[in-house]
Amino acid sequence: MLKVLDHLEEWLIAFLMGAATVIIFVSVLHRYGTGIDYPALQDVLLSINLGWAQELTIIMFVWMAKFGAAYGVRTGIHVGVDVLINRLSTENRGRFILLGLGAGALFTAIVGTLGATFVWENGAHYQIYHWFGITQDGLYEGPVTPDLEWPTWMVYAAVPLGSYLMCFRFLQVMWSFWKTGELPHHDHGHVDGIDEEHLPADANPYDMGDNLHPHDLKHKQIGEDKDAGKGDKQ
């Protein structure tokens, strides 16, 4: 199930990013095409309404950002300055990392709950009752977007869904770190064509000694012994 969730998350982000790019590209071409002094082409282009394109791409980028944040937690893309934590002992370092992950899970759970309450009161309860044929007098139908005329609660649903997914990813990383002492890392400093250092077979290739992430508790970090080696030579 986790693999299915991972793939759905990646496919959704990729689809939103690609579709938004295509829509903006077509919209720009359409805008400039209507200014060409060629009546036949202008008549055709002016008959096509793309006034909704900007609104739709904004919505898509909002959804992409919320789910992309959850993806970032899972893959270790989020950058943090952890100079102090990396100078602590192994035991204290692990405690502070767990504390930080737990705080992230709590914060995103609170944001998700507040977002879900807002979405529910902004028209979602009206629509859900309508789907099930439940008649409720006095329910707030909720506003719609200016161009697409979509219920705004559908747009705002990105907040609770993305936040709860991000909360789950924090708990997932927290559990993995508790069991293995390892964190997901993304090598921001990797450059193609530069030789990498040779590491033990069981070493995590994404560990870095760059103070951008908490250090792995299982292996020494890349470059961690360089300073010590120079001191021995002197």
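Residues numbered from 1 in each chain as written. Predicted model: local features only at pLDDT ≥ 70, side-chain atom pairs only at ≥ 80, totals over all residues. Heavy atoms only, no water.

## Considering helix 5 (residues 90-131)
One turn of the α-helix equals 3.6 residues, which is why residues spaced by three or four share an orientation. Residue Gly123 marks the point of greatest curvature in helix 5, where the axis turns by about 60°. The positive-phi residue at the C-terminal boundary of helix 5 is Gly133, with phi of around 70°. (Bend = angle between axes of the 7 residues up to and from the residue. Helix = DSSP H or I, 4+ residues; strand = E, 2+ residues; numbered from the N terminus.)

## Overview of the packing of aromatic side chains
Under the definition given, this model contains 4 aromatic pairs. Considering the side-chain rings of Trp120 and Tyr129, the 6.0 Å spacing of their centres and the 90° angle between planes classify their relative orientation as edge-to-face. Assessed through its relative accessible area of 38%, Trp120 is described here as partly exposed. A residue is classified by how much of its surface remains accessible, and Tyr129, at 25% relative accessible area, is partly exposed. A centroid spacing of 6.3 Å and a plane angle of 70° characterise the contact between Trp131 and Trp153, whose relative ring orientation is edge-to-face. With Trp131 in helix 5 and Trp153 in helix 6 (residues 152-156), this residue pair connects regions lying 22 residues apart in the sequence. The exposure class assigned to Trp131 is exposed, which follows from its relative accessible area of 57%. (Phe/Tyr/Trp six-rings, centres within 6.5 Å; stacked < 30°, edge-to-face > 60°. Buried < 20%, exposed > 50% of the residue type's maximum accessible area, 1.4 Å probe, protein only.)

## Some words on the pattern of salt bridges
Scanning the model with the defined rule gives 6 salt bridges in all. Between Arg74 and Glu10 there is a salt bridge whose closest N-O contact spans 3.0 Å. With Arg74 in helix 3 (residues 53-75) and Glu10 in helix 1 (residues 2-33), this residue pair connects regions lying 64 residues apart in the sequence. We classify Arg74 as buried; its relative accessible area is 17%. Two residues, Arg95 and Glu91, come together in a salt bridge whose shortest N-O distance is 2.4 Å. (Salt bridge = Lys/Arg side-chain N within 4 Å of Asp/Glu carboxyl O.)

## With respect to unusual backbone geometry
Of note, Glu149 is a non-glycine position whose phi angle comes to about 60°, a positive value. Note on placement: Glu149 falls in the loop between helix 5 and helix 6. Owing to a relative accessible area of 58%, Glu149 belongs among the exposed residues under this scheme.

## Considerations on the confidence of the model for the protein
For the protein, the mean per-residue pLDDT works out to 83, and 79% of the residues sit at or above 70. This model gives residues 227-234 a pLDDT under 50, and the stretch forms 0 contacts once residues within four places in sequence are excluded. (pLDDT = per-residue confidence, 0-100. Contact = heavy atoms within 4.5 Å.)

## What to know about the nonpolar core
Counting residues in each nonpolar core, the largest one holds 31 residues, and the members touching the most others are Met60, Trp63, Ile97, Leu101, Met166, Phe170 and Leu183. Within the residue set of this core, elements represented by two or more residues are helix 1, helix 3, helix 5 and helix 7 (158-180). If you tally residues by element for this core, the top one is helix 3, at 10 residues. (Core = buried A, V, L, I, M, F, W, Y, C linked by side-chain atoms within 4.5 Å.)

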